[in-house]
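# Coordinates in review
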Amino acid sequence: MSKLIGYARVSTRQQSTDRQRTDLLAAGVRHDDLYIDHGVPGARASRPQFDRALDALMEGDTLVVTTLDRLGRSTQNMLALADELRGRGAGLRVLNLGGGDVDTATPMGSMLFTIMAALAQMEHEINRERVTDSINKRREAGLGLGGRPRRITDSQIRNAVRLVKVGEPAAQVARDLRMSRATFYRRSRALADQQGAI
């Protein structure tokens, strides 16, 4: 008897699979036939639960995922998977593809899957280009990229204190160091206390 094998995946351990699990169970997947990878990006080759789901597929069974990107990032890999499943006599069903449920066991579903897989990869590539372009523009403009703030050394603080002593406004010196005036004063006092203790 044919059955539905469900697969869900999230890229980080902080993300939840609750929505995918609910949709897959509503589509008729049994709890025992549901495989979930936690903290596994789509681009990674090793997806242990995905491999188990594929091993569980028998002829006549259907692999069910909620969205196309749960299968991976590359059109080539997604189409190869669809072909492999077809060769094994198994189907592939994507619940939310093109606004509806697509089953590759039908000619129309197979065609739509191919088109949507190509579009999904194109969208991924466009997003990657946007991120790279944004990073390059921020670098050219001399802006930071976020993340951990750069460490201001004690030597930089001492030089800044010298500037303030010769009449440079403390607010401007702190701005040049990319820190608040309060932080600048705190670091200056801490350095003065260290030198007094020596």
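Here, the structure is the one placed above.
Given the structure is predicted, the values throughout are model-derived calculations rather than measurements.

What follows concerns the overall build of the chain. When its secondary structure is counted, the chain shows seven helices and five strands. Element order for the chain, N to C, with α for helix and β for strand: β-α-β-α-β-α-β-β-α-α-α-α. Expressed as a percentage of the 198 residues in the chain, the buried residues total 32%.

A few words now on the pattern of salt bridges. Within this structure, the stated rule accounts for seven salt bridges. Here Asp-23 makes a salt bridge to Arg-19, at a shortest N to O gap of 3.4 Å. Residue Asp-23 and its partner Arg-19 are located together in helix α1 (residues 18-26), separated by four residues, close to a single helical turn. On the basis of relative accessibility, which here comes to 64%, the residue Arg-19 falls in the exposed class. Residue Glu-84 is joined to Arg-88 by a salt bridge in which the shortest nitrogen-to-oxygen separation is 3.3 Å. Owing to a relative accessible area of 30%, Arg-88 belongs among the partly exposed residues under this scheme. Salt bridges linked by common partners bring Lys-3, Arg-30, Asp-32 and Asp-33 together as one network.

A few words on the nonpolar core. Leu-63, Leu-71 and Leu-85 are the most contacted members of the largest nonpolar core, which totals 19 residues. For this core, the elements supplying multiple residues, two or more each, are β1 (4-9), α2 (48-56), β3 (62-65), α3 (75-87) and β4 (91-97). Of all hydrophobic cores here, the second largest spans ten residues; its members include Ala-160, Ala-174, Leu-177 and Leu-191.

What follows deals with unusual backbone geometry. Look at Arg-178: it is not a glycine, yet its phi comes out positive at around 60 degrees. Positionally, Arg-178 belongs in the loop between α6 (170-176) and α7 (181-197).

On to the packing of aromatic side chains. One pair of aromatic rings is described through two measures. These are the centre distance and the angle between the planes. Taken as a whole and judged by the stated rule, the model has two aromatic pairs. Measuring from ring centre to ring centre gives 5.9 Å for Phe-184 and Tyr-185, while their planes differ by 40 degrees; the resulting arrangement is tilted. The ring of Phe-50 has Arg-47 sitting right over it, with the charged end atom 4.3 Å from the ring centre.

Together, Met-111, Ile-115, Leu-119, Met-122 and Ile-126 line one region of the surface with nonpolar side chains, adding up to about 430 Å² of accessible area. Structurally, Ile-115 can be placed in helix α4 (residues 107-140).

Residues Leu-34 and Ile-36 point to one face of strand β2 (residues 34-37) and Tyr-35 and Asp-37 to the other, with burial holding for every one of them. Two strands pair when backbone bridges link them, and β1 and β2 are joined in this way by four bridges, in the parallel orientation. Counterpart to Tyr-7 in the pairing with β2 is Tyr-35.

Cut-offs used in this document
Residues numbered from 1 in each chain as written. Predicted model: local features only at pLDDT ≥ 70, side-chain atom pairs only at ≥ 80, totals over all residues. Heavy atoms only, no water. Helix = DSSP H or I, 4+ residues; strand = E, 2+ residues; numbered from the N terminus. Buried < 20%, exposed > 50% of the residue type's maximum accessible area, 1.4 Å probe, protein only. Salt bridge = Lys/Arg side-chain N within 4 Å of Asp/Glu carboxyl O. Core = buried A, V, L, I, M, F, W, Y, C linked by side-chain atoms within 4.5 Å. Phe/Tyr/Trp six-rings, centres within 6.5 Å; stacked < 30°, edge-to-face > 60°. Lys NZ or Arg CZ within 6 Å of the ring centre and 35° of its normal. Patch = residues over 30% accessible without salt bridge, like charges linked within 9 Å, V, L, I, M, F, W, Y side chains within 5 Å. Areas by Shrake-Rupley, 256 points an atom, 1.4 Å probe, with all protein chains shown as cover. Pairing = 2+ DSSP bridges.

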